[in-house]
Amino acid sequence: MRSRISAPDTPADITLRRLLDGDQLQSFVVVAGAGSGKTTSLVKALDHAATRHGPRLRARTQQVACITYTEVAAKEIHADVGNSPLVSVSTIHSYLWTLVRPFQKDIGLWVGRHIEDAMGEIKEKQQKYTSRTRPTTIAKDASDLNKLGIQLQMTQEVARYSYGIGSDYAKGILGHEDIVTMVPDLILDNALLRRIIASKYPFIFVDESQDTFPKVVEALKAVDAQAQGAICLGFFGDPMQNIFQRGVGVISQEAGWERVEKPENFRSSQKVLSVINQVRSEADGIVQVTGRSPEDGKNGEFFFFVLPADDRRSEQLDDVRTWLGQHSDAGSWAANSAEDGSGAKILMIVHRMVANRMGFAHLYAAFHDSGSSSLKQTFDEGSAWPLRPFEEVILPICEAGSVDSPAVIAALRKHGGVFNADTPEQDVKKKLALARDAVSDLRKVVSEGGSSSTGKALTLAVTAGLVAPDPRLSFYLEPEGPHRDIVLTSETREALGAFTRCDVDEISAYFKYIRQESPYSTQHGTKGAEFSKVIVVLDDEEGKYQLYSYEKLFGIKELSETDKRNIAAGKESVLERTRRLLYVCVSRAIDSLAVVVFAKNTTEAKLAIEKSNITAGGRVLTEADLAHL
C-alpha cells in the first residue's frame, strides 16, 4: 500500500524534500494541526530519504529510523513505504532497546545504580521514622530493603540483560519503564554510543513528537549536536495535541533547525473547522485552512447544549441524541456504535464517566483509586500489565467456540505458558491435551463470573501454566515463588488486591470499550481517530479530574489563586491543559459536531459560553429545546 506516498504534495512536503536533499543535513520540527495529514508527510519524508540517499545507505549499511508509539502504527507506516529494508519503523521502547542492547556492561552498571538509589530512598525514609510510624510500614520497608540488597547481589551474576514486560533485575529482565529511563541516561553519558547511533541512523524521524518523553528528546538532540550536520533529526507533531502528562509538548528548535508548519485540515467540514480554529485561537494562534477541494468540501453542522448537572445526565444525553436525529441533516445519532458510520461517537473527559455507563466501575476504581500513577495511566491507555493475561489469553480462550477451538490453540501458542511458537505440532497436541481440563475449568470460572472471579481466573490460569505472567504479577500471586525478590509498592499491592476482587465480566466490558466497540470513548483515548458525528460531553463535576476544568475555560467558574499564580509565572495552567484537550475532541469530527456542557447554573453557563464565542456564532441550546421532543 503506497497511497500516502502518491498523495498530492502540500507546501510542507516540498519544504521537507528540500531539507532532505541538502549535502549538509538539517534537522527540523514539523507542526501539523489536527487532520492535516501529518502521517502522510512523515511517510513521504521517509520514502524520499530512503530513495534519494538509498545507494549511500546501502553502502554504509545504514537505515532511516522512524519512531512511533504503537506496534499497529509501526506496521502501517512500514507498509506505506513498501516495507523498505532501508527504513526501520519501531515503537519508542523497541528502538531505544535496539540502541543499547550491545552495551551490556553499561546496562549492568545502570541497574546497579538504580537499585542503590532505591535502597537510598528507603534508608532516608527510615531515618525520618517517628514514634507514630506504623509497625507495618517499618516491617515492609525493612523487607523491601532486604530484597533490594539481594537483587543487587544477584545482578552480579547476570551475564546478559533482556527486555521483557516487567522488571526482574535478579533474573536480568528489564521492563518498559526501565527502557525509557535507562536508555536516555546512557546516551547522554556515552559519547561513543551517540556516535554509533549517528553512524547507523543518519535520518531519525519521531512521530507524535509532542508525546515523547522529555529525556528521550534531550538524548536525541545530544546525538544530533555531536553529529554536527551528519544526521537529520526530524520531529513530527503538534503541541496543541499534547494531552498526556508525560509528553514534552513543544519541541524547542536548536540553532540551524527549521520549523515547518502544516496548517491544512483535510478532515473537517467548514463549521467544524471554525470551532477548531476558535479553540486554538487563544493558544499558538495557528489558523487551519481547509485542505478539501471545492467539490469535496462540506458546510457541516455544529450544535452546543447547556444542560443541568443533575442525576438525569444519562437520560438527557439520550434526549440530545434523539433531538439531533430529528433536527440534524446527518441522520441518526443514536445507533449503538459509531463504527458502522451511522451513529455518533460520544467523547467524555475521563474513563470513570464511561465506566459507570458500561459496567466496569469497580475495575476503574481498582486502578485509579490506589495512588499508583503508572497503573492509572496504562489502564487509561489500555496497556496495564495486570490486564495483559486477560487480553492475550484468558478472554480469547473463553470467547472461543469450544475447548478444542483453533482460537484456543492460537492464544496459548502465541502468548501462553504451555508452549512457545517453536513447539512441534505433535508436542502442541500433547501439551494441549494436558491443559484441556484447566482450559475447561477456566471457561467455567469466567462464565459464572461474580465477586473475585478475576482473581480466581487469574490464579487458575497462572497455576496451570496457561499464561506466562509479568514477574510482578507472579510475585503477587505467589510471594515465595521464583520471583520472591520482586519489590512492589504499597500502591501497586492495593491496586492488585482491588483488581483481583473484581467481577471478571467487568474486564470484558472494559476491553469492549478500549477496542472502540461501543459508542463511548474518552477525550484522551480518541486522539488520532476521526468520526463522522461526534458528541463531546463536558462535565467538571462528574469527571472529578482536577487537571482540567471546562467551567474555568469558558469563564463559568473563576480561576483559583494557584491558577492565577501559574499563569503569572508562565507555567502551564488548567486553562492550557483543558484547551488542548478540547481541541483534540472537537477536531475528531468529520461532518457534524455537538458539544454538551453539564453545569449547576445553566443560565450563567449559557451567558459565559456565548461570551467566549466558542460557538462561533451559533445558538446555545438548553433543556427547553429538548422539551419539544
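Residues numbered from 1 in each chain as written. Predicted model: local features only at pLDDT ≥ 70, side-chain atom pairs only at ≥ 80, totals over all residues. Heavy atoms only, no water.

Here the focus is the overall build of the protein. The helix and strand inventory of the protein stands at 28 helices and 16 strands. The C-alpha radius of gyration of the protein comes to 26 Å, within 12% of the 25 Å expected for a compact globule of 629 residues. With respect to the three principal axes, the spread of C-alpha positions in the protein is 70 × 65 × 60 Å. Burial statistics for the protein: of 629 residues in total, 53% are counted as buried. When contacts within the protein are restricted to residue pairs at least 6 apart in sequence, those whose partners lie at least 24 apart make up 74%. Accessible surface computed for the protein: about 28,000 Å², of which carbon and sulfur atoms make up 50%. Across the protein, the mean location of the 75 positive side-chain charges is 3 Å away from that of the 83 negative side-chain charges. (Helix = DSSP H or I, 4+ residues; strand = E, 2+ residues; numbered from the N terminus. Rg over C-alpha atoms; globule rule 2.2 N^0.38 Å. Buried < 20%, exposed > 50% of the residue type's maximum accessible area, 1.4 Å probe, protein only. Contact = heavy atoms within 4.5 Å. Areas by Shrake-Rupley, 256 points an atom, 1.4 Å probe, with all protein chains shown as cover. Lys, Arg positive; Asp, Glu negative; His and termini not counted. Charge placed at Lys NZ, Arg CZ, Asp CG, Glu CD.)

On to the domain arrangement of the protein, then. For the protein, the domain assignment lists domain 1 (4-100 + 181-266), domain 2 (102-178), domain 3 (271-349 + 523-627) and domain 4 (361-515). If you average the C-alpha positions of domain 2 and of domain 3, the two centres end up 46 Å apart. (Domains from an automatic or database assignment.)

On to the layout of surface pockets, then. A volume near 320 Å³ is recorded for the second largest pocket. Asp 238, Pro 239, Met 240, Val 250 and Asp 284 are the residues nearest the centre of the second largest pocket, which is lined by 21 residues in total. Secondary-structure elements contributing two or more residues to the lining of the second largest pocket are strand S1 (28-32) and helix H26 (574-586). A domain split of the lining of the second largest pocket shows at least three residues from each of domain 1 (4-100 + 181-266) and domain 3 (271-349 + 523-627). (1 Å grid on protein atoms, 1.4 Å probe; cavity = no way out; pocket = protein on both sides within 12 Å on 5 of 7 lines; lining within 4 Å. Points joined across faces, edges and corners; volume = space filled by probe spheres on them.)

What follows deals with the environment of Arg 18. You can see Arg 18 is positioned in helix H1 (residues 11-21). On the basis of relative accessible area, Arg 18 is assigned to the partly exposed category, the value being 45%. Residues Arg 18 and Ile 486, 468 residues apart in the sequence, show an inter-C-alpha distance of 52 Å.

A word on unusual backbone geometry. With a phi angle near 50 degrees, Gln 228 is a residue other than glycine that sits in the positive phi range. With respect to the helices and strands, the residue Gln 228 is situated in the loop between helix H10 (214-227) and strand S7 (232-237). Phi at Ser 452 is positive, roughly 70 degrees, even though this residue is not glycine. Tracing the backbone through its elements, the reader meets Ser 452 in the loop between helix H18 (425-448) and helix H19 (453-463).

Here the structure, examined in full by the defined rule, presents 19 aromatic pairs. Between Phe 205 and Phe 236, the aromatic rings sit 5.7 Å apart at their centres with planes inclined by 65 degrees, giving edge-to-face as the arrangement. Of this pair, Phe 205 sits in strand S6 (residues 203-207) while Phe 236 sits in strand S7, placing them 31 residues apart in sequence. Accessibility classification places Phe 205 together with Phe 236 in one group, the buried group. (Phe/Tyr/Trp six-rings, centres within 6.5 Å; stacked < 30°, edge-to-face > 60°.)

It is worth spelling out the sheet that holds strand S8 (residues 258-262) at this point. Sheets are built from strands paired through backbone hydrogen bonds, the pairs being either parallel or antiparallel. Spatial ordering of the open sheet is given by S3-S2-S6-S7-S1-S8, a layout of six strands whose pairing is parallel. The open sheet terminates on both sides in strands that have one partner only, identified here as strand S3 (87-91) and S8. Averaged over all adjacent pairs, the angle separating strand axes in this sheet is 15 degrees, with direction ignored. Sheet topology places strand S2 (residues 64-68) next to S3; five bridges connect them, and they run parallel. Paired with Ile 67 across the two strands is Ser 90, which belongs to S3. Contacts from H1 reach S1, S6, S7 and S8 within the one sheet, and its direction differs from that of S8 by about 155 degrees. (Pairing = 2+ DSSP bridges. Axes fitted to C-alpha atoms, helices over the stretch in contact; angles between N-to-C directions.)

What follows concerns the nonpolar core. Ranked by size, the top nonpolar core spans 69 residues in total, and within it Phe 305, Phe 360, Leu 363, Leu 387, Phe 390, Phe 499 and Ile 535 carry the most contacts. A domain split of this core shows at least three residues from each of domain 3 (271-349 + 523-627) and domain 4 (361-515). Ignoring any residue separated from it by four or fewer positions in sequence, one finds Ile 535 in contact with Leu 317, Arg 321, Leu 324, Trp 333, Ala 344, Lys 345, Ile 346, Leu 347, Ala 594 and Val 596. Judged by nonpolar contacts, the second largest core, of 49 residues, contains Ile 92, Ile 122, Tyr 161 and Val 180. (Core = buried A, V, L, I, M, F, W, Y, C linked by side-chain atoms within 4.5 Å.)

Now for the environment of Pro 482. Note that Pro 482 resides in the loop between helix H20 (471-477) and helix H21 (490-500). Note: C-alpha distance between Pro 482 and Lys 171 (311 residues apart in sequence) is 9.8 Å.

With that out of the way, let us pick up the pairing of strand S11 (residues 301-308). A large share of S11 lies buried, amounting to eight of its eight residues. Burial along S11 is two-sided: the residues Glu 301, Phe 303, Phe 305 and Leu 307 and Phe 302, Phe 304, Val 306 and Pro 308 are all buried. Of the strand pairs in this sheet, S11 and strand S15 (residues 589-599) are connected by eight bridges, and their pairing is parallel. From the neighbouring strand, Glu 301 faces S15, where its bridge partner is Ser 592.

Time to look at the packing of helix H8 (residues 176-189) against H10. Relative to each other, H8 and H10 sit at 25 degrees, their axes nearing to 9 Å. When the interaxial angle is binned, H8 and H10 end up roughly parallel. In this structure, H8 meets H10 at a crossing whose hand is left-handed. Note on element contacts: H10 touches H8 through Lys 215, Val 216, Glu 218, Ala 219, Ala 222 and Val 223, opposite Val 180, Pro 184, Asp 185, Ile 187 and Leu 188. Here the contact of H8 with H10 is composed, by residue class, of eight nonpolar, no polar and three charged. (Parallel < 35°, antiparallel > 145°, perpendicular 65-115°, else oblique. Left-handed = near helix turned anticlockwise from the far one by under 90°. Nonpolar A, V, L, I, M, F, W, Y, C, P; charged D, E, K, R; others polar.)

Let us now look at the side chain of Asp 591. Tracing the backbone through its elements, the reader meets Asp 591 in strand S15. In contact with Asp 591, other than residues within four places in its own chain, are Ser 269, Val 272, Arg 292, Lys 298, Gly 300, Glu 301 and Ser 532.

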